[in-house]
Amino acid sequence: MCAASPHSLSSCRLGNGKGGGSRPEGRRDMSDIVPPEVRPKPAVPAKPPNVGAPSPSSPFPPQGLGVGGGGISAPPPSAIPVPIGSHGPSHGGSHSVGHGIGHSVSHAGSHAGSHAAPHSGGHGHGGSHSSSGGSTLLGYIGIDTIIEQMRKKTMKTGFDFNIMVVGHSGLGKSTLVNTLFKSQVSRRSAGWARDEKIPKTVEIKAVSHVIEEGGVKMKLTVVDTPGFGDQINNDNCWEPISKYINEQYEKFLKEEVNITRKKRIPDTRVHCCLYFISPTGHSLRQLDTEFMKRLSHSVNIIPIIAKADTLTIEERQEFKQRVRKELEMSGIEFYPQKEFDDDMEDKSDNDKIREAMPFAVVGSDKEYQVNGKRVLGRKTAWGIVEVENPNHCEFAQLRDFLIRSHLQDLKEVTHNIHYETYRAKRLNENGGLHPISSADTQESNL
């Protein structure tokens, strides 16, 4: 018998090839046919390289990751140890495989590294690198022109904005709207004429104008509600207003469900409702509370204190705090609602707005000379109340909030929240189909 030594392995096998050996007749070994260089190798248990020596009875040479001669090769990827929670061995193993053996083994190393990465935090050399963030471009593509493309397209089509004013007669609703947009957009800029009678019921009057500024066109629709709260019995006086708001949702919904619908559906939905509170200095009336409670879930309500120049600074602050407390106790949500804040930045900005509401405003479409400048204001016996002066009233805050910062958000909340709520309710009531009225039947028969 030959000694089980790696150096004498080949000579021992040659001696047993043709008779004269101690092996029984009829038994042949793989070494008689297959050379050791191409012989299939059995799976090696996972253990760190170069640790321990091969058993004397094993006919295979020791395997390692170092550079050797002849038949020494790298272990399969499954044999590479992957210690859990370790940073060093995983990185070192994939690196040595990629650089110590050949190009073909580097793929196996990167494969093993990709499996080891979630456990050990290492990475393989030679594998593809992916990242969840944006990649650095090697040249200019032109993605940043998307904003300019959108701007040109929207400027051609223009914008729609529909605002409703609700409150008692004589609170300056029309005057305030004219002051907001610095033009005669409301149906009148003065109070009731002597020959004009107060409506017996609430009437809905909508007036549309196209306003252009800096090349941007906006179709502004002002919806007035004369007669609201002017009667002795004001029970259910909010019903005509609620009916008008829902009618605009219904009109938009019918256009959406048509088989052949318009490319651009006319938007007559009420995006904002300015509710005028009388400057009593005491508390809200029951009519104010009932109106805002019933319509706050179908339209964006912004409460404002009209003709704030009739209150002193101290009275105004106390009245605002009292109104906010009563709205909170009644469970009335006014715009901007807390649950509609998208992120922390929006929440921070909207919290400041909610703390300042209701805005105490003064409206006027008359100009006066003050310190060499022409300003909008109201002239009194003791001076001029400047409309756009933050020290005199909060009109500038209301204008910036309503037009310059939250106009688009008002439209989005109307479409995504209030209109979607109405749409889901209508489709559930009718099984997804609208009822066919008698008028529709007559038209289809013609």
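Here the structure is shown first, and the text comes after it.
Treat the numbers as computed from the prediction; the structure is a model and nothing was measured.

Asks: Would you take a moment to explain the overall build of the chain for this structure?
Replies: In terms of helices and strands, the chain carries 12 helices and nine strands. Buried residues in the chain amount to 34% of all 446 residues. Put simply, the chain shows about 27800 Å² of open surface, and 54% of that area lies on carbon and sulfur atoms.

Asks: Looking at this model, I keep getting lost on empty space enclosed by the protein. Mind explaining?
Replies: On inspection of all chains with the given rule, the structure shows one cavity of 30 Å³ or more. Within this model, the largest cavity holds a volume of roughly 30 Å³. Surrounding the largest cavity, Ile277, Ser278, Thr280, Ser283, Arg285 and Asp288 form its lining. Among the residues forming the lining of the largest cavity, the class breakdown is one nonpolar, three polar and two charged.

Asks: I would appreciate a short explanation of helix α8 (residues 313–329) in the present structure.
Replies: Residues that lie three or four places apart on an α-helix share one face, since the helix turns once every 3.6 residues. Taking 1.5 Å per residue as the helical rise, α8 with its 17 residues ought to reach 24 Å, and the 25 Å between its terminal C-alpha atoms agrees with that figure. Arg316, Phe319, Lys320, Val323 and Leu327 are the residues of α8 that are buried. Down the axis of α8, the smallest arc covering the buried residues is 105°, so these residues share one side. In α8, those exposed residues whose orientation departs by more than 90 degrees from the buried face are Glu314, Lys325, Glu328 and Met329. Considering only its buried residues, α8 is in contact with β4 (272–277), α7 (286–295), β5 (301–305), α9 (344–356) and β6 (359–360). Where α8 ends, the next residue or the one after it, Gly331, has phi of about 70°, a positive value.

Asks: Quick question: what am I supposed to make of the side chain of Gln248 here?
Replies: For Gln248, the location among the structural elements is in helix α6 (residues 239–257). With relative accessibility at 5%, the residue Gln248 sits in the buried group. Not counting residues up to four positions away in its chain, the partners in contact with Gln248 are Thr268 and Arg269.

Asks: What is the right way to read a nonpolar patch on the surface from this model?
Replies: Taken together, the side chains of Leu137, Ile141, Ile143, Ile146, Ile147 and Met150 define a hydrophobic patch exposed on the protein surface, amounting to about 630 Å² of accessible area. Within the secondary structure layout, Ile141 lies in the loop between α3 (103–120) and α4 (146–157). The exposure class assigned to Ile141 is exposed, which follows from its relative accessible area of 58%.

Asks: What's the story with α7 in this structure? I'm lost.
Replies: Listed as buried for α7 are Leu287, Asp288, Thr289, Phe291, Met292 and Leu295. Contacts from the buried residues of α7 go to β1 (159–166), α6, β4, β5 and α8.

Asks: Before we go on, may I ask you to explain the nonpolar core in this structure?
Replies: Here is a general trend for soluble globular proteins: nonpolar side chains tend to be buried in one another's company. Counting residues in hydrophobic clusters, the biggest one holds 72 residues, and the most contacted among them are Met164, Phe228, Ile241, Leu274, Phe291, Ile302 and Phe359. With near-sequence residues (within four places) excluded, Ile241 lies in contact with Met164, Val166, Val202, Ile204, Thr225, Phe228, Phe291 and Leu295.

Asks: Could you clarify how one ought to interpret the pattern of salt bridges in this entry?
Replies: Pairing is possible between side chains that carry opposite charge, provided their charged atoms lie close to one another. Following the criterion strictly, the structure yields 19 salt bridges and no others. For Arg285, the salt bridge identified is with Asp288, shortest N-O distance 3.6 Å. Each of Lys182, Glu388, Arg399, Asp400 and Arg404 takes part in salt bridges that share partners, so that together they form one network.

Asks: How should the sheet that holds β5 be read in this particular structure?
Replies: Strand pairing in a sheet takes place through backbone hydrogen bonds and is either antiparallel or parallel in direction. One open sheet holds the six strands; their spatial order is β2-β3-β1-β4-β5-β6, and the pairing between them is mixed. Looking at which strands have only one partner, the edges of the open sheet turn out to be β2 (205–213) and β6. In the sheet, β2 pairs with strand β3 (residues 216–224) via nine bridges, with the strands oriented antiparallel. The partner of Ser208 across the bridge, within β3, is Thr221. Sheet contacts for α7: β1, β4 and β5; angle to β4, the most-contacted strand, approximately 165°.

Asks: Would you mind going over the sheet that holds strand β9 (residues 383–386) with me for this structure?
Replies: Taken together, three strands build an open sheet; the order of strands is β7-β8-β9 and the sheet is antiparallel. Taken across any chain shown, the strands that pair with only one partner, and hence form the sheet edges, are β7 (367–370) and β9. Sheet twist, expressed as the average angle between the axes of neighbouring strands with direction ignored, equals 70°. Of the strand pairs in this sheet, strand β8 (residues 373–380) and β9 are connected by four bridges, and their pairing is antiparallel. Counted as the bridge partner of Thr380 is Gly383 from β9.

About the thresholds
- Residues numbered from 1 in each chain as written.
- Predicted model: local features only at pLDDT ≥ 70, side-chain atom pairs only at ≥ 80, totals over all residues.
- Heavy atoms only, no water.
- Helix = DSSP H or I, 4+ residues; strand = E, 2+ residues; numbered from the N terminus.
- Buried < 20%, exposed > 50% of the residue type's maximum accessible area, 1.4 Å probe, protein only.
- Areas by Shrake-Rupley, 256 points an atom, 1.4 Å probe, with all protein chains shown as cover.
- 1 Å grid on protein atoms, 1.4 Å probe; cavity = no way out; pocket = protein on both sides within 12 Å on 5 of 7 lines; lining within 4 Å.
- Points joined across faces, edges and corners; volume = space filled by probe spheres on them.
- Nonpolar A, V, L, I, M, F, W, Y, C, P; charged D, E, K, R; others polar.
- Expected span 1.5 Å × (residues − 1).
- Arc of directions from axis to C-beta.
- Contact = heavy atoms within 4.5 Å.
- Patch = residues over 30% accessible without salt bridge, like charges linked within 9 Å, V, L, I, M, F, W, Y side chains within 5 Å.
- Salt bridge = Lys/Arg side-chain N within 4 Å of Asp/Glu carboxyl O.
- Core = buried A, V, L, I, M, F, W, Y, C linked by side-chain atoms within 4.5 Å.
- Pairing = 2+ DSSP bridges.
- Axes fitted to C-alpha atoms, helices over the stretch in contact; angles between N-to-C directions.

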